[in-house]
Amino acid sequence: MKQYIKTDEWNIIEEGFVPHYNKISESIFSLGNGRMGQRANFEEAYSGETLQGNYVAGVYYPDKTRVGWWKNGYPEYFAKVLNAANWIGIDIRIGDEVLDLHHAKVSSFSRVLNMKEGYLQRSFTATMKSGKEVRVTATRFCSIADDEACAIRYSITPLNFDSEAVITGYIDGDIRNQDANYDEKFWESVYSHAEGNSAYLVLRTRKTGFDVCTGQQLFILQDGQPVSIQPVQREKYVGGSAVAVLSRNQETIIFKYAANLSSENHAREALAGNCRLVLERAAAKGFESMLKEQAAAWARKWEESDIVIEGDAAAQQAIRFNIFQLNQTYTGEDARLNIGPKGFTGEKYGGSTYWDTEAYCLPFYLATAGQQVARNLLVYRYKHLEKAIENAVKLGFSNGAALYPMVTINGEECHNEWEITFEEIHRNAAIAFAIFNYIRYTGDEAYLAEYGLEVLIGIARFWAQRVNWSHAREQYVMLGVTGPNEYENNVNNNWYTNTMAAWCLQYATEALQQVVATNPERYEAILQKTALDVKKETGQWQHVIKHMYYPEDEQLGIFLQQDGYMDKDQTLVKDLDPAQRPLNQKWSWDRILRSCYIKQADVLQGLYFLEDRYDQDTIRRNFDFYEPRTVHESSLSPCVHAILAARLGDEQRAYEFYLRTSRLDLDDYNNDTEDGLHITSMAGTWMSVVEGFAGMRVRGGQLQFSPFLPGKWQSFAFNIRFRGNVLKVKAGKHGVNIENHSGGDITVLIYGEPCEVAAGATVQLKHGNLVN
Ligand code: BGC
């Protein structure tokens, strides 16, 4: 745990340069706009510890899987969103010295991520080996208003000398992924061109053949006058260079407009030409207007998704940081894209899609970005249905059974680890649950007929084939799985998986009934397409539901995580020597698998999803049993515990769990922020506030809240969209305020009581623990 980030409500601030923290800060200060993103690397040369990272959404490479002993069913490749051309480069050579903070004495260093307006600013004074002192301020952003464009303003002022300098703004395409399995380079050069102050580089990915054009326009100004720029070009490198005289206390300003365009969105032959148009548009607007546009676009995002906390600046900063990074990662404009666990902030997890999207991210985008954005997340899986069916065939399933991948970029399974990922078939249930959750929230029943039902049929068919009849039990069982708790492998009858499988079968049956009633034509078309024998197959689904086996411990009154769980040594986490934690770094894998310790919510994940089925006592008994055995070594875990603790009225613990997720990256809680940010768990942080502290639920088409005020907070407020309404919900010491900003009148339940909020009106309610 490190605490070097200064507290501020709208900014992430680092003061002083600690090279040892550089890779952590490169993650924390990352920029993105949904279309591309990058780590907060320096513009000028840096020969110290760094992880250079630029990523273009949807552009990946199928890196060959590395495995000692190949077995049938292993994925052929591990997909990676590629580290792409570095477009920020600005080399400064003063006399015969290169400006490089690794070799300079650095003072007055600061890095500020302005979350309100969406830009990164870095300033420092560097004393070079020769004693020459320069002051630099660099500001840059990835535009969300024009999402293929980015801009940098880099100003350099000599403080104690006059000297000739060579300034080179460049694009470097000679890039490798640090996590390449065979240390290969993934890009080939297709076209490069530098002319005057413009430069273009088109690179093609090996195997997948994506073309990406990265371009720049460079302007160097002294005293408002442009300095002449000469093109530079060599293998996988283009740019522009100028010789300028730097005069003491005179600022030289470099403007660099850059763009990244991919063949996913442009015809290959038009890439360079279109890149030129984006750059000309950016340069014509100019840095300051682009920045204003950026601030305005971010103001709209904040209007939709901000959470305002009074009385706790650190919590305020943290929640905004989470929301900011989520909005930088996914904008929902393109149904081909999804949310990698690290977004655009690092290489780990390869930028691929995991169950994280459906299980953790969907609620955030549903409530803040709106229906179409959330719908695109679902349509992404619809588009992968054929591949999910092929994936199931590869594993021995038939008749249109669909097994969605645990890790994917294009619908194909591409995980790198046999033993856990492969058996986490529970991801299929999260995808079905997301359809239910989306329709429950939006009321968009038409989605079922249009897309949802086909997915549900494929998933139901998978579960119906994956179970087997146990003659011993005279029940259906599910053998050889890994549940959400990845500290178990190849277990029998994981309660969560069995429960969610039966839930999926029931939901698919109901979905069929619904579509036949509302859209019989489409229903017939789907039956034709899927060759579903409704009577026979749903009959079998019902048989499975009725006879599914669920492990329980009747004496303890709990659901058992899996068969045999109680045979394990039951020493609680609190009694473990802290020096043994985190287990995944201190214990052998074998020891972890034999232990009772739970990496992340498992039974509790099921109670969270299906909470309406269980009474308070059942939830409490299970929570009280499993929480003391949970080590929360996945960032996805504490949010589920926070929401359940809140539901159980344990406000103190709900707040403690929330604290573990909200500043996870800002304080490098798990010592792994340098690999990238935990983007998907950031959505869990949002859920902890909205579903946990505010108790937001949608039941029977109605929005409900039952807020409490955590810790030292004076109040908290958030905006949500719900079925055409935009509501601002504020919980303060004296009660709850609901403002209805648009749309029609709405009735919401507050602490179980109906409360009518007319369009444009605000209602205030005093209740429960909020009344002083
Ligand atoms: C978690 C998984 C998750 C993955 C990607 C793992 O550590 O256990 O549930 O899908 O990370 O975030």
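Residues numbered from 1 in each chain as written. Predicted model: local features only at pLDDT ≥ 70, side-chain atom pairs only at ≥ 80, totals over all residues. Heavy atoms only, no water.

Digging into the overall build of the chain
Reasoning step 1: Looking only at helices and strands, the chain has 19 helices and 33 strands in total.
Reasoning step 2: A compact globule built from 772 residues would reach a C-alpha radius of gyration of about 28 Å, and the chain, at 27 Å, matches this within 12%.
Reasoning step 3: The principal-axis extent of the C-alpha atoms belonging to the chain is close to 85 × 65 × 60 Å.
Reasoning step 4: Buried positions account for 62% of the 772 residues belonging to the chain.
Reasoning step 5: Counting only contacts in the chain whose residues sit at least 6 apart along the sequence, the fraction spanning at least 24 positions is 68%.
Reasoning step 6: Taken as a whole, the chain presents about 28,300 Å² of accessible surface, with 46% of it coming from carbon and sulfur. (Helix = DSSP H or I, 4+ residues; strand = E, 2+ residues; numbered from the N terminus. Rg over C-alpha atoms; globule rule 2.2 N^0.38 Å. Buried < 20%, exposed > 50% of the residue type's maximum accessible area, 1.4 Å probe, protein only. Contact = heavy atoms within 4.5 Å. Areas by Shrake-Rupley, 256 points an atom, 1.4 Å probe, with all protein chains shown as cover.)

Details of the pairing of strand E29 (residues 725–732)
Reasoning step 1: Pairing geometry for strand E28 (residues 715–722) and E29, over 8 bridges, is antiparallel. Residue pairing in the sheet places Ile720 in a bridge with Leu727 of E29.
Reasoning step 2: Counting the residues in the hairpin turn of E28 and E29 gives 2 residues, including Arg723, whose phi is positive at 45°. (Pairing = 2+ DSSP bridges.)

Some remarks on the pattern of salt bridges
Reasoning step 1: Counting across every chain of the model gives 41 salt bridges.
Reasoning step 2: The shortest N-O distance in the salt bridge between Arg35 and Asp147 comes to 3.5 Å. With a gap of 112 residues between them, Arg35 in the loop between strand E3 (31–32) and strand E4 (36–38) and Asp147 in the loop between strand E11 (133–142) and strand E12 (149–158) connect regions that are remote in the sequence. Each member of the pair, Arg35 together with Asp147, is buried.
Reasoning step 3: The partner of Lys730 in a salt bridge is Glu310, and the shortest N-O contact between them spans 4.0 Å. Taken together, the positions of Lys730 in strand E29 and Glu310 in strand E21 (residues 307–310) put the pair 420 residues apart, joining distant regions of the chain.
Reasoning step 4: Overall, Lys730 belongs to the partly exposed group, its relative accessible area being 31%.
Reasoning step 5: A cluster of three or more residues bridged by salt bridges with shared partners is formed by Arg35, Asp147, Glu264, Asp334 and Arg336. (Salt bridge = Lys/Arg side-chain N within 4 Å of Asp/Glu carboxyl O.)

Description of the packing of helix H4 (residues 313–329) against helix H18 (residues 651–662)
Reasoning step 1: The contact between H4 and H18 brings their axes to 10 Å, and the two run at 55°. As far as their axial angle goes, H18 and H4 are oblique. Crossing hand, H4 versus H18: left-handed. On the side of H4, the interface is formed by Ala315, Ala318, Ile319 and Asn322, while H18 contributes Tyr658, Thr661 and Ser662. (Axes fitted to C-alpha atoms, helices over the stretch in contact; angles between N-to-C directions. Parallel < 35°, antiparallel > 145°, perpendicular 65-115°, else oblique. Left-handed = near helix turned anticlockwise from the far one by under 90°.)

Things to note about the site of the ligand
Reasoning step 1: Taken together, the residues surrounding the ligand are Pro341, Tyr349, Tyr354, Trp355, Asp356, Glu486, Lys599, Gln600, Ser634 and Leu636.
Reasoning step 2: With respect to the ligand, the side chain of Asp356 contributes an N or O atom lying 2.5 Å from an oxygen atom.
Reasoning step 3: A distance of 2.8 Å is found between an oxygen atom of the ligand and a side-chain nitrogen or oxygen belonging to Lys599.
Reasoning step 4: In isolation the ligand has 310 Å² of accessible area, and contact with the protein removes 92% of it.
Reasoning step 5: Grouping the constituent residues of the shell around the ligand by class yields 5 nonpolar, 2 polar and 3 charged. (Near = heavy atom within 4 Å. Polar contact = N/O pair within 3.5 Å; in protein donor to acceptor, adjacent residues only side chain to side chain. Nonpolar A, V, L, I, M, F, W, Y, C, P; charged D, E, K, R; others polar.)

As for the UniProt feature "binding site: substrate" (unreviewed entry) in the chain
Reasoning step 1: Per the UniProt annotation, the sites labelled "binding site: substrate" (unreviewed entry) are Trp355, Asp356, Lys599 and Gln600.
Reasoning step 2: Note on Trp355: relative accessible area 3%, which makes it buried.
Reasoning step 3: Excluding anything up to four places from it in sequence, Trp355 contacts Tyr360, Arg381, Met406, His426, Arg427, Ala430, Pro484, Tyr496, Gln600 and Gln605.
Reasoning step 4: Checked against the element boundaries, Lys599 lands in the loop between helix H14 (589–594) and helix H15 (603–609).
Reasoning step 5: Here Glu486 takes part through its side chain, which lies 2.6 Å from a polar atom of the side chain of Lys599. (UniProt positions renumbered as here; feature names shortened; annotations may be inferred.)

Here's the deal with the packing of aromatic side chains
In this description, a pair of aromatic rings is defined by centroid distance and the angle of the planes.
Reasoning step 1: Here the structure, examined in full by the defined rule, presents 56 aromatic pairs.
Reasoning step 2: When the ring of Phe255 is compared with that of Phe287, the centres are 5.9 Å apart and the planes differ by 45°; the resulting orientation is tilted. Pair noted here: Phe255 is in strand E20 (residues 252–262) and Phe287 is in helix H3 (residues 287–305), with a separation of 32 residues, a long-range link.
Reasoning step 3: An aromatic cluster is defined as three or more aromatic residues linked by ring pairs; in this entry it consists of Tyr655, Tyr658, Phe693, Phe705, Phe708, Trp713, Phe716 and Phe718.
Reasoning step 4: Lying over the aromatic face of Trp10, Arg320 brings its terminal NZ or CZ to 3.6 Å of the ring centre.
Reasoning step 5: The ring of Tyr549 has Arg473 sitting right over it, with the charged end atom 3.9 Å from the ring centre. (Phe/Tyr/Trp six-rings, centres within 6.5 Å; stacked < 30°, edge-to-face > 60°. Lys NZ or Arg CZ within 6 Å of the ring centre and 35° of its normal.)

Quick look at empty space enclosed by the protein
Reasoning step 1: With the rule as written, the count across this model stands at 9 cavities of 30 Å³ or more.
Reasoning step 2: Volume-wise, the largest cavity comes out at about 310 Å³.
Reasoning step 3: Looking at the largest cavity, it is lined by 19 residues, and the ones nearest its centre are Asn437, Arg440, Glu691, Met696 and Arg697.
Reasoning step 4: Here the lining of the largest cavity takes 5 residues from helix H5 (residues 356–368), the largest share from any one element.
Reasoning step 5: Across the lining of the largest cavity, the residue classes tally to 11 nonpolar, 1 polar and 7 charged. (1 Å grid on protein atoms, 1.4 Å probe; cavity = no way out; pocket = protein on both sides within 12 Å on 5 of 7 lines; lining within 4 Å. Points joined across faces, edges and corners; volume = space filled by probe spheres on them.)

Quick look at the pairing of strand E27 (residues 702–705)
Reasoning step 1: In terms of strand pairing, strand E26 (residues 697–699) meets E27 through 3 bridges, oriented antiparallel. By the bridge assignment, Arg697 is partnered in E27 with Gln704.
Reasoning step 2: In sequence, E26 turns back onto E27 through a hairpin of 2 residues, with Gly700 there showing a positive phi of about 55°.

Quick notes on the environment of Lys546
Reasoning step 1: As for its position among the elements, Lys546 is in helix H12 (residues 534–546).
Reasoning step 2: For the pair formed by Lys546 and Ala502, sequence separation is 44 residues and the distance between their alpha carbons is 8.6 Å.

Quick look at the sheet that holds strand E8 (residues 97–98)
Reasoning step 1: One open sheet accounts for 5 strands, arranged E8-E7-E13-E19-E18; its pairing is antiparallel. Of all strands in the sheet, those bounded by a partner on one side alone are E8 and strand E18 (230–234).
Reasoning step 2: In terms of strand pairing, strand E13 (residues 163–172) meets strand E19 (residues 237–246) through 10 bridges, oriented antiparallel. Pairing of Val166 across the sheet is with Val243, part of E19.

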